[in-house]
Structures are given as structure tokens and as C-alpha cells.
Amino acid sequence: MFSQVAEHSPYGGVVPEIAARAHVELLDGIVERALEEAQVALADVDGVAATAGPGLIGGVMVGLVSAKALALAAGKPFLAINHLEAHALSARLSFGTEFPFLLLLISGGHCQLMAAEAIGSYRLYGATIDDAVGEAFDKTAKLLGLPYPGGPQIEHLAQQGDPRRFPLPRPMLGREGADFSFSGLKTAVRQIVRQNALTERDKSDLAASFQAAVVEVMADRVRAGMTRFRTEFGQSNSRCNFVAAGGVAANRPIRQGLNRLAAEQGFRLSLAAPELCTDNGAMVAWAGLERLALGLADGLDAAPRARWPLESIGPTAR
Ligand code: KG4
Ligand code: ZN
């Protein structure tokens, strides 16, 4: 597996131009190596799937064009995958989780709760009204002088910290609906950083306090989503399915919080292994297989999209 984390780290975030160039430089080698490791020839694959969005358009275009060329050269069906749907379906790759399920999508760019009814069919229950939760982790990490991506850094630092040390706000707690908000939390952290000369001990405590606030609001918002999902889809004789996906779902305290909540609410939680929560090619390939099985292959004219909300992708071929 290749990662561009080292290239972006000095800049405290993903730099679009660097991302696109790195895609061009690495992609041929990655495809070759993947085929080699799987011991298959291009002629043996069922189809070629690539992310068509949403995301930084430069990187998306490079991947999409390369995949189209491969599909054309090998005479294979081509599948243009929505990145968010790939995250959503990673639970089906790991556990075969059946539709419908309540979906919590938590990544660097997204934070939303949805009812996932079928491939291509998603209904929004709630979303962040400002920062995505991964963004809040990354910005908080930056404030504490930690490199990008900040999520794993905060999780690590928080291990030694006291989560009760700093009384941070719990945005949206108890609010009607299932929306999220994280910018107030980040602002509170910024104020503490500005007003104090923090020791390493203080930073650990602040990281732990931040993470505890995220776990608490997450549980509260998801609980509201569960109530709605149960009303719409619940059957008295079976437990409802709940999937958490996206990079932030790799976070151990968040995983524990969601496990506790699922047990409390009688939901069956599908939580893929951490390496399948953060961005990976396997989930895109899997989404391609699911779509191919339904006859939903795309034309080679499928466009890259910077914005492509999951609830807009539609149940059938686009
Ligand atoms: O899904 P993902 O890999 O890429 C996007 O689609 O955005 O998610 C990346 C986000 C980053 O904000 C990163 O800091 C966060 O997921 N993340 C974590 C952890 N691992 C990755 N956040 C908290 N704890 C983690 N262990
Ligand atoms: Zn992602």
C-alpha cells in the first residue's frame, strides 16, 4: 500500500497539487503491484472500478482516467464509484451486513447520519452544520503542534491524558434532529491553547478532553438517528443494523462508545477493521463488485466530481 501522508505532513493538510502529481507518479506501479500480489492478470479481473468523487478533483481525475484506460485496454466493464458509497459498503465487504442499515459516515470531509436502503439509495438524517469530525481532529492536532493527519495523533496523545481535565463544550447535545457541529469545540481548544503555555501533560489532557467530548456528542446524535431509524425500519422480531464507516471510525474510544450505544439501543453494529475504515482501495473495488453484480456498469464518459452527495446518486445506473 502507498500513502502520501509523508508528502503532505509538513503542510498540515492535503495539498491538491502535490496529491495530483503523486497520483500520476505512483499509480502505474500500484496497479502492477496489486495484480502481482493477487497473482492475477488484467485479463482475469471482472471489471475496473475507480473513485469518481467527491474529492480533490486533480487526484480524482488521475485515478478515473487511468482506470478508464485500463478498462478499455482490457475490454472490461468500468465502474465510477462514489467515495462515500465505498465507505458505506465496507461493512458489507467485511461482514455482509444487510440493507437497510443506519449509516454513520465520519471522515475528513464528511460527518453524516443516513438511512442506507440499497445500493445507490441513501436518505440523509443529519449532517454537520460546520466542520467534519475528522477535520476537527486535524485542526485540534494542528493547534497542539501535531502533524497531519491529526486523528491518530490525538488518539495516541489522549491515551495518557485525563478526559475530565478541561470542561469543553458538547455542541448539539440533546438537540432535536440528528445534526452535528464541531467548530465550537475546536474554538474552545484554540482559546485554551492561546491563553496557556501548555506542558506535555496539559496537551495530553486537552487531547483526551477533546476526544471525550467528540465521543459524547457522537453517541447523542447517533442515538437520535437510531430512534428515527427504528420508527422507519424497525421490526419487533429483529435488531436493526448500524454501520459506522470512514477514517474517524478507526478511533478506538469512538469505536468503544459506538459499541456501548449499540448494546444500549439494541442495534447490531458492523464496524470494519481500522485499516478498512481509513481510505483504501479494497472498499472501492468492493463497491465496484456490488454495482457490477446489479448490472450498474458506467460508460467511459463518466465525469469526475468534486461534489457528489451520497443521497443524490440514485438507485440505478447514473
Ligand atoms: O476516510 P478518510 O481516510 O479520508 C476521507 O475520506 O476524508 O478519513 C480521514 C480522516 C482524517 O481527518 C483523519 O485525521 C481521521 O480520518 N482519522 C482519525 C483516526 N484515523 C484517521 N480520527 C480519529 N482517530 C483516528 N484513529
Ligand atoms: Zn474517505
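Bear in mind that the values here come from a model prediction, so they are computed numbers and not experimental data.

Concerning the site of ligand 1
- Around ligand 1 sit 20 residues, and of these Gly108, Asp138, Gly151, Glu155 and Asp279 come closest.
- Contact distances for ligand 1 include 2.7 Å between an oxygen atom and a side-chain N or O atom of Asp138.
- Between ligand 1 and Gly247 there is a distance of 3.0 Å, counted from an oxygen atom to a backbone nitrogen or oxygen.
- Broken down by secondary-structure element, the contributors of at least two residues to the shell around ligand 1 are helix H4 (83–95), helix H5 (133–143) and helix H6 (150–158).
- It is H6 that contributes the most residues to the shell around ligand 1, 4 residues altogether.
- Of the residues that constitute the shell around ligand 1, the class distribution is 5 nonpolar, 12 polar and 3 charged.
- Domain assignment of the residues forming the shell around ligand 1 places at least three in each of domain 1 (5–87 + 277–312) and domain 2 (98–276).

Details of the packing of aromatic side chains
- In total, this model carries 5 aromatic pairs according to the counting rule given.
- With 6.2 Å between their ring centres and 55° between their planes, Phe229 and Phe267 make a pair best called tilted. With Phe229 in helix H8 (residues 200–233) and Phe267 in strand E7 (residues 267–271), this residue pair connects regions lying 38 residues apart in the sequence. Phe267 matches Phe229 in its accessibility class, with the two residues each being buried.
- Grouped by ring-pair contacts, the aromatic residues Phe229, Phe233 and Phe267 constitute a single cluster.
- Above the plane of the ring of Trp308 lies Arg305, whose end atom (NZ or CZ) is 4.4 Å from the centre.

Criteria and thresholds
- Numbering of residues starts from 1 in each chain and follows the order in which that chain's sequence is written.
- Both sets of labels track the order of writing: A upward for chains, 1 upward for ligands.
- Side-chain atom pairs in this predicted model are given and counted only at pLDDT of 80 or more, local residue features only at pLDDT of at least 70, and totals for whole chains, interfaces and linings cover all residues.
- With hydrogens and water set aside, each side-chain value is computed from the structure's full complement of heavy atoms.
- Neighbouring residues are identified by heavy atoms, a residue being near a molecule or strand if any of them is within 4 Å of it.
- Counting of polar contacts relies on pairs of N or O atoms within 3.5 Å, with two restrictions inside protein: one atom must be capable of donating a hydrogen and the other of accepting it, and residues adjacent in sequence are counted only when both atoms are side-chain atoms.
- Each helix is a run of H or I in the DSSP string that is no shorter than four residues. Each strand is a run of E no shorter than two, and both are numbered from the N terminus.
- Side-chain classes are defined by residue name, with Ala, Val, Leu, Ile, Met, Phe, Trp, Tyr, Cys and Pro counting as nonpolar, Asp, Glu, Lys and Arg as charged, and the others, Gly among them, as polar.
- Note that the domain bounds reflect an automated or database-derived domain assignment.
- Within 6.5 Å between ring centres, the rings of Phe, Tyr and Trp (the latter by its six-membered ring) count as paired, and their orientation is classed by plane angle as stacked under 30 degrees, edge-to-face over 60, tilted in between.
- Per-residue accessibility, obtained with a 1.4 Å probe over protein chains only, is compared with the maximum for each type, and a residue is labelled buried under 20%, exposed over 50%, and partly exposed between these values.
- We count a charge as sitting over a ring when the NZ of a lysine or the CZ of an arginine lies within 6 Å of the ring centre and within 35 degrees of the ring normal.

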